[in-house]
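Coordinate analysis (summary)
Residues per chain, in single letters:
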Amino acid sequence: MIAGAMLTIAGCATPAHAAVKTKAAVLESVPAQTVAARGIALANTVHGTWNAMPGAETPRFQRFGPPMPWSRKPGSIATGLMTPGALVGNGSVGVAMGGSPDRQEFYIGRNDFWSVLRGRIMPMGRLELTVAALQGASAQVSENIGPADVTAHFVQGSDALQSRTWVANGRNVFAVELRNSGSQPLHVRAALLDGFGSGEAQTLSGASGNVQWLRVSPETVEATIGGSRRGVVAASNLRIRSVRVYAGNSAQKPRYDWSSSTVLAGGNGPERFSCGRVILPLRHFTMRAAVNVDGADGSGAIFTAMVGQQWMKQQIDPTDPLGNQRGRNLPRAQGAAAGLAVYLSHGRLVANLNGTVITSTQTLPTRQWVTVTVAYDGQKLVLLADGRQIGETTSFPTAAQVMGPEWQWAAAHPGDANVPYEGIGPEGVLAMRIVGSDATLANGKMHFTIPAGEHVVMLVAAMDNRDTSTYFQTALTDLEQASLPDVAASWSRHVAWWRNFWSKSYVEIPDKTIQSWWYGSLYVLASCSEPGNVAPGLWGNWITSTHMAWQGDYTLDYNYQAPFWAAYPTNHVSLADPYDAPLLAWMQRGEALAAKLHSQGLVYYTHLAPSPGWSADNFRALDQKSDALFAAVNCIQRWRYTHDAAYARKVWPFLTGVAEYWDHDLKLVNGRYVDFNDAADEHLWGPSSGVNPATTIGFLKMLYPALIEMSEQLHADESQRATWSNISAHLSDLPIAPANSVAAIQKAVGKPIPPDQMVILQSQHGMQWVNLPWGGAQGPEPPVRPTGSSAGMNSLQVVFPGWNIGLESPAALRSAAWYTVHYTRLWYDNNDTSSFYPAAVGAGYDPEAILKHLHVLVTHIGYPSFAYDMPAGGIENEATVPTTIAAMLLQSYQKDIHVFPDWPSTEDASFGDLLAVGDFLVSSQLKGGRVAYVRITSERGGLCRLANPWGAEAEVELKIAGEKTQLLHGAELDISTHIGEQLMLTEHSR
């Protein structure tokens, strides 16, 4: 066996997840296993299964309105939304498996594969394995959560194949292990394709020894030589004999060399010569061409490698304080094309590099061969004719322009060598090798045979220059030196990483379907977000289309934040490490945007992408002033969970920048600070002139107290505490009103509503309520299908993630939150499940109803991969189950730690090492309606406050290693702790 025992799949469970709803085993009154052992054991029971190839089913919900560029076709896992493929990943590289048994497809994505030229994230490419003998074969596929692999079994008569696919942790290499379990040899053809579906043998692929490789980049473009320039002048005015492109200066070997002894394009040759796909070395290049101009007024294209951007400039509303843009389909004034174009115009040499255009100071000589050169060194663009300089420019966008709001779109080459991210997408390589068998390489494809009973391993490296500057040689060397023992050792490290991951915590509940989604959701999050990597965008690292919806960007009105909500309470805090980097990198741009708006501090657009270079947001801030504030919520949650001073210091400049904006923007009216001209949701869903949106007020109520505590911990900005305290004490209340005063609720209910039922409005003035998409009178339950009530902002976010309302809140506040849940019913919403469900818990809503809807959600709208079949939502939905179950089992964001705060008393349950605010790891068990024990590990020391789970009158035994057992009394148990100390609490038996 290679890489450990190959899994044999004798059958696949139905329904789609192997775990089904059964009664839990008898629970012990004390922990029978360590948290680590129980977490690993439970994760190993979870599998997402298919009885056909993933994607074979007809799309259910991933469509709305007319076909979109990102729509999915039946039988395909390629989509601009969340792919239905089987998923594996290592936090950087993601692989989605689909296709058919005889043509298996492995789509490859990376979190860092952003195109600046195109303004969106792009797929890295895919591996295709063709096994003709398996045409029409049966397929059983399993995504195995514990070891983080995908196994498959294909059978067609006497032919059979088993496979296992996994992405190595710590290495951007994935393996496809293949075992011939049939009686005949299997002939396999393997091909690597780039993200555009091309193998491009002419310019980008090759072989080194037994390794086949393909250069890839999100900036790959089609290049041409010759042709007319915008169709104005015929190309016959110009003849081109050769074009050479060098990475750096011309002293090196050219990266691309197109030449002819006569003519490549123009004259008696073809009007246009196709170069195929190229990756231009745009950071530093030299392009040299031999041209012959027929007349002094000659015009025509010499070399073109550009892409058009599809963004449209929006009309600016002068009345909007944020400068938001209205209107549609107005041609964009700048950056309409990006890349490199070199051409003649009226006899003069012209170069266009990403919108910066330079024209030579004199015409070229006519009727003779002239060597023209365009050279760029990262700062200066120079034109030469036969070695003589005829033009230069350094007027590229400056760092200030790129980071400020003046340069709103693509700026591929800022005139500042020290700007991070270099303003251009990565260059990478896909390389493959068969280990355990000989292979032949032909026409860019690899051919090999697996004898009956034998196995091989296909290794694919997916590296780019964000990994290392020597990515190309590193990938080839790693594959060339790989052996079966190396693969086995890598598999062992991979399994060890995941065992350690699952050892951090566990939950065990009677509904095994929901329980499986707890583990499956964390698996998806860990597969696309790990420390040391670029943060995942909307669709994680499973990028299967060149037109990912909403550019696959970082959307700050909940989408970007939501996946990481699951990391904190589940004790997987490090999964959120990548979250902060885009926010910190955007600070210079946010300061410039605030200054442009005559304000201070930080203002962020709604849609971000890696900076500098561009903002993906052609609606700009969408009338929401709260985008940076909403982004700060995660930072506050993480700090309150961990009280990590190093983390507080890291995000302090961002948080204080956010506060600085609101310090000056809020207006004091009748003793209360008021937020004017702020949209409660994106302006397409409501007015821009709203007053006191609930989310803004709620998040400010979270921000200012946290800043004061962090300031005390860091001994920083002491002079600001008075300002923050004053604003916090005088901030407007949450907008709460009678439900019968809200027209949308009255219409939906269709009968009188008692006047004492209060709800939390979307805003005090302006948008009052979310859109209720089912329309008409409210039925007993909302329809079980994805619906769109908002673009992602809703008033219940003051409960979660805003932590304004919980178990310890005044009854009136909890009641308003409860009725807001009751009258919105966003159980199956496109955008809101990740906050709605845990908010329902914080409001104290019926736990049996929450679990019922959660079960329906995952069984009707979930994929077997533990992703969701939503027409809008991506990895943000992965937070839904973990945050909801964690909140039902443990609440700690107010003063006390509460175990089982909103859990059915008739349902036995247990959990281990969930994280409570203050850095306490909590384990407990509910059996027969009584709490069996509470075990708390103090990770940071300090005062631990536990709400007595046995009631205020009960005596509680406290055991601490090395100390005498203590008896505690009262509704609140206050215990001083030391770092690493473990507390065991049980009810005292009299």
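Treat the numbers as computed from the prediction; the structure is a model and nothing was measured. (Residues numbered from 1 in each chain as written. Predicted model: local features only at pLDDT ≥ 70, side-chain atom pairs only at ≥ 80, totals over all residues. Heavy atoms only, no water.)

When helices and strands are tallied, the chain shows 17 helices and 51 strands. Within the chain, buried positions represent 63% of all 990 residues. Taking the intrachain contacts of the chain between residues at least 6 apart in sequence as the baseline, contacts between residues at least 24 apart amount to 69%. Of the roughly 33,800 Å² of accessible surface on the chain, 51% is carried by carbon and sulfur atoms. (Helix = DSSP H or I, 4+ residues; strand = E, 2+ residues; numbered from the N terminus. Buried < 20%, exposed > 50% of the residue type's maximum accessible area, 1.4 Å probe, protein only. Contact = heavy atoms within 4.5 Å. Areas by Shrake-Rupley, 256 points an atom, 1.4 Å probe, with all protein chains shown as cover.)

Further remarks concern the packing of aromatic side chains. Overall, the coordinates contain 38 aromatic pairs when judged by the stated rule. An angle of 70° between the planes, with centres 4.9 Å apart, marks the rings of Trp497 and Trp498 as edge-to-face. The class for Trp497 is partly exposed, based on a relative accessible area of 27%. Among the aromatic side chains, those forming a connected cluster through ring pairs are Trp497, Trp498, Phe501, Trp502, Trp518, Tyr519 and Tyr523. Against the face of Phe472 rests Arg215, its NZ or CZ located 4.0 Å from the ring centre. (Phe/Tyr/Trp six-rings, centres within 6.5 Å; stacked < 30°, edge-to-face > 60°. Lys NZ or Arg CZ within 6 Å of the ring centre and 35° of its normal.)

Okay, helix H10 (residues 645–665) next. In this model, H10 (21 residues) spans 29 Å end to end at C-alpha, consistent with the 30 Å of a helix rising 1.5 Å per residue. Where H10 bends most, at Val651, the angle is about 50°, and the proline Pro653 comes one to four residues later. Two or three places before Ala646, at the start of H10, stands the capping residue Asp644, its side-chain oxygen 2.9 Å from that residue's backbone nitrogen. (Expected span 1.5 Å × (residues − 1). Bend = angle between axes of the 7 residues up to and from the residue. Polar contact = N/O pair within 3.5 Å; in protein donor to acceptor, adjacent residues only side chain to side chain.)

Our next topic: the confidence of the model for the chain. Confidence in the prediction for the chain averages 87 pLDDT; 86% of positions are at 70 or higher. Long-range and interchain partners of residues 18–30, a stretch whose pLDDT sits below 50, account for 30 contacts in this model, where long-range means more than four residues apart. Note that residues 405–411 has pLDDT below 50 and, in this model, 39 contacts with residues that lie over four places away or in other chains. (pLDDT = per-residue confidence, 0-100.)

Right, let's talk about the sheet that holds strand S32 (residues 455–464) for a bit. Taking strand neighbours across the sheet as the criterion, the nine strands line up as S1-S8-S9-S10-S11-S32-S29-S14-S13 in an open arrangement whose pairing is antiparallel. Edge positions in the sheet fall to strand S1 (47–50) and strand S13 (205–208), since each has one partner strand and no second. Neighbour-to-neighbour, the strand axes of the sheet open up by a mean angle of 15°, direction not taken into account. Bridge count between S1 and strand S8 (residues 138–144): four bridges; the pairing is antiparallel. By the bridge assignment, Thr49 is partnered in S8 with Ser142. (Pairing = 2+ DSSP bridges. Axes fitted to C-alpha atoms, helices over the stretch in contact; angles between N-to-C directions.)

With respect to the secondary-structure elements, Glu128 resides in strand S7 (residues 125–130). Since its relative accessible area comes to 8%, Glu128 is described here as buried. A polar atom in the side chain of Glu128 sits 3.1 Å from the side chain of Arg126.

Now for the environment of Met548. Mapping Met548 onto the fold places it in the loop between helix H5 (512–528) and strand S34 (554–555). Overall, Met548 belongs to the buried group, its relative accessible area being 3%. Setting aside residues no more than four positions away along its own chain, Met548 makes contact with Thr79, Gly80, Leu81, Ile121, Trp539, Trp542 and Ile543.

It is worth spelling out unusual backbone geometry at this point. Residue Pro801 follows Phe800 across a cis peptide bond; omega there is 10°. Tracing the backbone shows Pro801 in the loop between strand S41 (763–765) and helix H14 (811–824). Phi is positive for Arg825, which is not a glycine, with a value near 50°. Its identity as a non-glycine residue notwithstanding, Phe900 has a phi of 50°, on the positive side.

With that out of the way, let us pick up the pattern of salt bridges. Opposite charge on two side chains allows them to pair when their charged atoms are near. Throughout the structure, instances matching the rule amount to 19 salt bridges. Glu427 is paired through a salt bridge with Arg255; the nearest N and O atoms lie 3.4 Å apart. A residue pair is termed long-range when its members are at least 10 positions apart, and Glu427 in the loop between helix H2 (399–403) and strand S29 (428–435) and Arg255 in the loop between strand S16 (238–247) and strand S17 (256–259) qualify at 172 residues. Residue classification places Arg255 among the partly exposed positions, given a relative accessible area of 30%. For the salt bridge of Arg638 with Asp577, the shortest nitrogen-to-oxygen distance reads 2.9 Å. You can see Arg638 sitting in helix H9 (residues 627–642) and its partner Asp577 sitting in the loop between helix H6 (562–565) and helix H7 (580–585), a full 61 residues away along the chain. (Salt bridge = Lys/Arg side-chain N within 4 Å of Asp/Glu carboxyl O.)

Okay, the side chain of Glu105 next. As for its placement among the helices and strands, Glu105 is situated in strand S4 (residues 103–110). Aside from chain neighbours lying at most four places away, what touches Glu105 is Ala96, Met97, Gly98, Gly99, Arg126, Leu127 and Glu128.

Along any regular strand, the residues point their side chains to alternate faces of the sheet. Sheet analysis places strand S24 (residues 348–353) next to strand S25 (residues 356–363), joined by five bridges and oriented antiparallel. Bridging across to S25, Arg348 finds its partner in Thr363. If you look at the hairpin formed by S24 and S25, you'll find two residues sitting between the two strands, and Asn354 has a positive phi there, around 55°.

At a minimum axis distance of 9 Å, the contact between H14 and helix H15 (residues 833–842) shows a crossing angle of 140°. Looking at the two axes, H14 sits oblique to H15. Relative to H15, H14 is oriented so that their crossing is left-handed. On H15, the residues that touch Arg814, Val821 and Thr824 of H14 are Phe836, Ala840, Val841 and Gly842. Residues of the contact of H14 with H15, tallied by class, amount to four nonpolar, two polar and one charged. (Parallel < 35°, antiparallel > 145°, perpendicular 65-115°, else oblique. Left-handed = near helix turned anticlockwise from the far one by under 90°. Nonpolar A, V, L, I, M, F, W, Y, C, P; charged D, E, K, R; others polar.)

Think of a sheet as strands paired side by side through backbone hydrogen bonds, with each pair either parallel or antiparallel. Reading across the sheet, the six strands line up as S17-S16-S19-S26-S27-S28 and stay open at both edges, with antiparallel pairing between neighbours. Looking at the sheet topology across the chains shown, the edges are occupied by S17 and strand S28 (388–393). Geometrically, the sheet is characterised by an average inter-axis angle of 15° between neighbouring strands, direction not taken into account.

Leu127, Ile302, Phe303, Met458, Phe654, Ile885 and Leu985 are the most contacted members of the largest nonpolar core, which has 279 residues in total. With 12 residues, the top contributor of residues to this core is helix H11 (residues 694–714). Setting aside chain neighbours within four positions, we find Phe303 in contact with Ala223, Thr224, Ile225, Val243, Val245, Trp258, Cys275, Leu280, Met287, Leu340, Ala341 and Val342. With 21 residues, the next largest nonpolar core counts Val173, Ala175, Ala482 and Val487 among its residues. (Core = buried A, V, L, I, M, F, W, Y, C linked by side-chain atoms within 4.5 Å.)

Turning our attention to the packing of helix H4 (residues 484–502) against H5. The geometry of H4 relative to H5 is characterised by a closest axis approach of 12 Å and an angle of 125° between their N-to-C directions. On the basis of the axis angle, H4 is oblique to H5. Between H4 and H5 lies a crossing whose hand is right-handed. Mapping the contact onto sequence places Trp497, Trp498, Phe501 and Trp502 in H4 and Tyr519, Leu522, Tyr523, Ala526 and Ser527 in H5. Looking at the contact of H4 with H5, its residues break down into eight nonpolar, one polar and no charged.

Relative to the 24 Å expected for 17 residues at 1.5 Å per residue, H5 spans 24 Å between its end C-alpha atoms, a close match to the ideal helical length. Most of H5 sits out of view: 17 of its 17 residues are buried. Measuring from the backbone nitrogen of Thr513 back to the side-chain oxygen at the start of H5 gives 3.0 Å, which picks out Asp511 as the cap.

This next bit is on the environment of Gly929. Note that Gly929 resides in the loop between strand S45 (920–927) and strand S46 (930–938). C-alpha separation for the pair Gly929 and Ala909, spaced 20 residues apart in sequence, amounts to 9.6 Å. Excluding its chain neighbours within four sequence positions, the residues that come into contact with Gly929 are Ser905 and Asp908.

Let us now look at the environment of Val243. In this structure, Val243 sits in strand S16. On the accessibility criterion, Val243 (0% relative accessible area) is buried. Expressed as a C-alpha distance, the spacing of Val243 and Ser259, which sit 16 residues apart in the sequence, is 6.3 Å. For Val243, the contacting residues outside a window of four places in its chain are Ile225, Tyr256, Asp257, Trp258, Leu264, Met287, Arg288, Ala289 and Phe303.

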